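# Structural overview
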Amino acid sequence: MSSQQGVKLQIESDHVVLDNGMLKLTISKPQGMVTGIQYNGVTNLLESRNDEIDRGYWDLVWSKTGSTGTKGRISGTSFSVIVENEEQVEVSFKRTWDPSLEGQLPSLIIDKRFIMLKNSSGFYSYGIFEHLAEWSPFNLPQVRIVFKLSKDKFHYMAVSDNRQRFMPLPDDRSEKRSKPLAYPEAVLLVNPVEPEFKGEVDDKYQYSCENKDLKVHGWICSDPAVGFWQITPSNEFRTGGLVKQNLTSHVGPINLAMFLSAHYAGDEMVLKLKPGEPWKKVLGPVFMYLNTTTDGGDPLSLWEDAKRQMAVEVQSWPYSFPASEDFPKAEQRGRISGRFLVHDWCVSETSIPGNGGYVGLAPPGEVGSWQIDGKGYQFWTQADEQGFFSIANVRPGEYNLYAYIPGFLGDYKFGSSVTIAPGSSMDMGDVVYEPPRHGPTLWEIGYPDRTASGFYVPDVDPKYINKLYVNHPDRFRQYGLWDRYTELYPDKDVVYTVGKSDWAKDWFYAHIPRRTKEGEYVPTTWQIKFYVDSVSRQSWLRKCCDIGFIAMFKVRINNQDMSSSPLFSTGVIGHDNTIGRHGIHGLYRLYEVLVPAALLWKGENIFYFTQTQIEGPFQGIMYDYIRLEAPPSSPHCLSLA
């Protein structure tokens, strides 16, 4: 589908219309709300029964403190034409701020831009956010674009090749057609309009996705065949790196472009502006792509076409057409390359290639700080089989070089910061990561990949099923799996015997409280039984933890007295609510516990892991990997991640 018509801009008293002969985009003026999208004979792809401010819009959540706050649509107060010619139209809807608005709006200048190109089946949007140093500080937990599509038209949703299906109607979530579950986002469909959905759970968090896999998602209308897709060609402006999880599309039908979000991370992820701190960031552009079939083709084939277009957009990044000087073009950016190596002396005497390792540039900070950064830009790639990496199209600025690799503990950070200049190309040479280790591994539980996916994920209770995830690799996305722990362990907790137990079958994916018959929750203590031939030296326990939700983890050795002082305690950690939101990991943390020789016994020993927080069912942690080390001439070490 193509058109030789140039792009036309029609300015009316309270709307502007962008038209390239393939689609018409109507936006309110000066507010900048998308009120109409006309395409392929459909007058409006958006839900026209909604108010004009509730169809397509940018919104945010802000507060003076914390990760929750005031939600509001970003409404422009001035309109201007940035570019207008046959090849391209770019328009601006801007909102300014001054002290008279203190407490009413966040202290931000926000410039929302929309772009339409000739012979392009879609439109682009990006935002320029600026906070001046002299303005009052605030927190910014969330920024996104929302599109609410016609509920009569769009019934099929696609997030990935193996995560797509016909979806319930928004009316199915009403009180008369559904039953509320443990939190507002989750409902059980008891009397849906379409009987095929009866007995299923609907919950938007079941369709979340990691940034690295979240490049295109959207909806399909069958009659006429039309697809509406949101394509994100780069992760540079998203928060939290490649594995940050974000919402995608869900029942509405709703399509989201998430820029800033505290989901699956909590308050640590929230963008917090300090007194006297200036900040400016460009979010986007993202592309809203529309497609259709020819000659009566299968509407579901629109997904394959959307993936092809996604590849085109990724290849075209950074775009050459945004007019803002705050969006540097390709020739204004730099490149960095090198070779990522790993030296773990218990694995190899020499450094080995960091095959599959993730290498990235992110704002300067502590080791691993990239996973909670939202103020700056991030640029990531994956090393090849020989460990070589190259990161192109990096915005000018100062960064740290970070890395991590599945199969090895911890995070890497290059010793000094890296400055990227416009047009520069920097070769870092060999970058060698030495993972934390005190000595040889005595035993281990799990595989260090920053998720709990290798542990036992139970079958869903048939009462709370989502048919999409039956016999699906992402079975952890089913609702209510936390309650299965009490069913599987009604009286006693997990007991894992090193050398006999299988972590894929015997180690539950989340360490959570047990629900009593009275409906209360009690702490749970898991045991790891292992044998030691000699106790002449101390040990080290390492634990890699994919943080959970308001949990406290305590470690004891050969001591069941829960009132005694623990060998180690995390204190209260985590606000990501990953367990309740069907995730398999949250933020990554690595703990190291010294185990004195005096506490070890010759023969059988038992570690007791206790999760003490019991205010609700989602309080707990997810383990990534646990390892006990016994160095030849220094203390044993337990590693927990």
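Calculation criteria
- Each chain has its residues counted from 1, following the order in which its sequence is written.
- It should be noted that, the model being predicted, local features are given only for residues of pLDDT at least 70 and side-chain atom pairs only at 80 or more, the latter also being counted only at that level, while totals for whole chains, interfaces and linings use all residues.
- In computing side-chain values, all of the structure's heavy atoms are included and hydrogens and water are not.
- UniProt positions are given in the numbering used here, feature names are shortened, and annotations may be inferred rather than shown by experiment.
- Only runs of H or I of at least four residues qualify as helices and only runs of E of at least two qualify as strands under DSSP, and these elements are numbered from the N terminus.
- Buried residues are those whose accessible area, probed at 1.4 Å on protein chains only, stays under 20% of the maximum for their type, while exposed residues exceed 50% and partly exposed ones sit between those limits.
- To estimate how far a helix should reach, multiply one less than its number of residues by 1.5 Å.
- Our arc is simply the arc of the directions from the helix axis toward the C-beta atoms.
- We call two residues in contact when some of their heavy atoms are within 4.5 Å.
- At least two DSSP bridges between two strands are needed for those strands to be called paired.
- Only C-alpha atoms enter the line fits that serve as axes; for helices the fit covers just the stretch in contact. Angles between N-to-C directions range over 0 to 180 degrees.
- Each reported salt bridge corresponds to a side-chain nitrogen of Lys or Arg within 4 Å of a carboxyl oxygen of Asp or Glu.
- Paired rings are identified among Phe, Tyr and Trp, the last through its six-membered ring, by centres lying within 6.5 Å, and are further divided according to the angle between planes into stacked (under 30 degrees), edge-to-face (over 60) and tilted (the rest).
- Geometrically, a charge over a ring is one whose NZ (Lys) or CZ (Arg) sits within 6 Å of the ring centre while staying within 35 degrees of the ring normal.
- Take the buried Ala, Val, Leu, Ile, Met, Phe, Trp, Tyr and Cys residues and link them wherever side-chain atoms come within 4.5 Å; each set so joined is a nonpolar core.
- For the purpose of charge, His is not counted, nor are the chain termini; Lys and Arg are scored as positive and Asp and Glu as negative.
- Counted as a polar contact is a pair of N or O atoms within 3.5 Å, where, for protein atoms, one must be capable of donating a hydrogen and the other of accepting one, and residues adjacent in sequence contribute only when both atoms are in side chains.
- Cavity: a set of points on a 1 Å grid over the protein atoms alone where a 1.4 Å probe fits but cannot get out. Pocket: an open set with protein on both sides within 12 Å along at least five of seven lines, its lining residues, like those of a cavity, having an atom within 4 Å of a point.
- Grid points are joined across faces, edges and corners, and a volume is the space filled by probe spheres set on the points.
- Under the grouping applied here, Gly and all other residues not named as nonpolar or charged are polar, the nonpolar ones being Ala, Val, Leu, Ile, Met, Phe, Trp, Tyr, Cys and Pro and the charged ones Asp, Glu, Lys and Arg.

The name that an unreviewed UniProt entry assigns to the chain is rhamnogalacturonan endolyase, with the source organism given as Linum tenue. Recorded in UniProt for the chain, the comment headed Subcellular location (unreviewed entry) runs: "Secreted". Under Catalytic activity (unreviewed entry), UniProt gives the following word-for-word description of the chain: "Endotype eliminative cleavage of L-alpha-rhamnopyranosyl-(1->4)-alpha-D-galactopyranosyluronic acid bonds of rhamnogalacturonan I domains in ramified hairy regions of pectin leaving L-rhamnopyranose at the reducing end and 4-deoxy-4,5-unsaturated D-galactopyranosyluronic acid at the non-reducing end."

The next subject is the UniProt feature "domain: Rhamnogalacturonan lyase" (unreviewed entry) in the chain. Mapped onto this numbering, the UniProt entry annotates "domain: Rhamnogalacturonan lyase" (unreviewed entry) at residues 355–425 and 441–628. Annotation note: span residues 355–425, helix share 0%, strand share 42%, distance between end C-alpha atoms 23 Å.

In this structure, Pro-224 follows Asp-223 across a cis peptide bond, with omega equal to -5°. Residue Gly-252 is joined to Pro-253 through a cis peptide bond whose omega torsion reads -5°. Among the structural elements, Pro-253 can be located in the loop between β21 (249–250) and β22 (254–260). At Asn-558, a residue that is not glycine, the phi angle is positive and equals roughly 55°. Tracing the backbone through its elements, the reader meets Asn-558 in the loop between β39 (539–557) and β40 (568–575). Look at Asn-558 and you get buried, because its relative accessible area is 15%.

A rise of 1.5 Å per residue sets the reference length of helix α1 (residues 302–316), with its 15 residues, at 21 Å; its end C-alpha atoms lie 21 Å apart and thus fit the reference within 8%. For α1, the complete set of buried residues consists of Leu-302, Trp-303, Ala-306, Gln-309, Met-310 and Glu-313. Down the axis, α1 shows its buried residues gathered within 115° of arc, on one side only. Exposed and facing more than 90 degrees away from the buried side of α1 are Arg-308 and Gln-315. Looking at the buried residues of α1, the elements they touch are β10 (122–131), β12 (154–160), β13 (163–166), β18 (216–221), β19 (226–231) and β24 (279–291).

Turning our eyes to something else, we now look at the sheet that holds strand β7 (residues 78–84). The antiparallel open sheet is built from nine strands, whose spatial order is β7-β8-β9-β10-β24-β19-β18-β12-β13. Strands at the two margins of the open sheet, each flanked by one partner only, are β7 and β13. Mean inter-strand twist for the sheet, computed between neighbouring axes without regard to direction, equals 15°. As paired elements, β12 and β18 share four bridges and run antiparallel to each other.

Moving on: the pattern of salt bridges. Under the definition given, this model contains 34 salt bridges. Here Lys-151 makes a salt bridge to Asp-171, at a shortest N to O gap of 3.2 Å. Of this pair, Lys-151 sits in the loop between β11 (139–148) and β12 while Asp-171 sits in the loop between β13 and β14 (178–180), and the two are 20 residues apart along the sequence. A salt bridge links Glu-629 to Arg-627; its shortest N-O distance comes to 2.6 Å. Here the two residues Glu-629 and Arg-627 agree in accessibility, since each one is buried.

Moving on to the packing of aromatic side chains. Under the counting rule described, the total for this entry stands at 51 aromatic pairs. For the pair Tyr-156 and Phe-166, a centre-to-centre distance of 4.8 Å together with 75° between the ring planes defines the contact as edge-to-face. Taken together, the residues Tyr-156 in strand β12 and Phe-166 in strand β13 connect sequence positions ten residues apart. Residue classification places Tyr-156 among the buried residues on the basis of a relative accessible area of 9%. Directly above the ring of Tyr-377 sits Lys-281, whose terminal nitrogen or CZ lies 5.6 Å from the centroid. Seen from the ring of Phe-327, Arg-333 lies directly overhead, with NZ or CZ sitting 5.2 Å from the centre.

Buried together is how nonpolar side chains tend to be arranged in soluble globular proteins. Ile-37, Phe-129, Leu-140 and Phe-340 are the most contacted members of the largest nonpolar core, which totals 102 residues. Per element, the largest residue contribution to this core is eight residues, and it comes from β24. Once residues within four sequence positions are removed from consideration, Phe-129 is found in contact with Trp-58, Leu-60, Ile-74, Leu-108, Ile-109, Ile-110, Val-143, Trp-279, Lys-280, Lys-281 and Leu-283. In terms of nonpolar packing, the next biggest core, distinct from the first, is built from 63 residues, Met-33, Leu-188, Val-201 and Val-593 among them.

On to the pairing of strand β9 (residues 109–117), then. Counted residue by residue, β9 has nine buried out of nine residues, so it is predominantly covered. Every second residue of β9 is oriented toward a common face, with Ile-109, Asp-111, Arg-113, Ile-115 and Leu-117 on one face and Ile-110, Lys-112, Phe-114 and Met-116 on the other, all of them buried. Relative to β9, strand β8 (residues 88–95) runs antiparallel, the two sharing eight bridges. Considered in β9, the bridge of Val-91 is made with Phe-114. Of the strand pairs in this sheet, β9 and β10 are connected by seven bridges, and their pairing is antiparallel.

To continue, consider the side chain of Lys-244. The topology assignment puts Lys-244 in the loop between β19 and β20 (245–246). This buried residue, Lys-244, is left without a salt bridge; Asp-576 holds the nearest opposite charge, at 10 Å. There is a polar contact of 2.9 Å between the side chain of Lys-244 and the backbone oxygen of His-263. With residues near it in sequence (within four places) discarded, Lys-244 still touches Cys-209, Glu-210, Asn-211, Thr-239, Ser-261, His-263 and Met-269.

Three or four residues apart is the spacing at which side chains of an α-helix point the same way, because the helix has 3.6 residues per turn. Inspection of helix α2 (residues 481–488) places Leu-481, Trp-482, Arg-484, Tyr-485 and Thr-486 among the buried residues, and these make up the whole buried set. At its buried positions, α2 is contacted by β36 (514–515) and β38 (524–532).

Our focus in this paragraph is empty space enclosed by the protein. Across all of its chains, the model carries five cavities of 30 Å³ or more by this definition. Of the residues in the lining of the largest cavity, the class split is six nonpolar, five polar and three charged.

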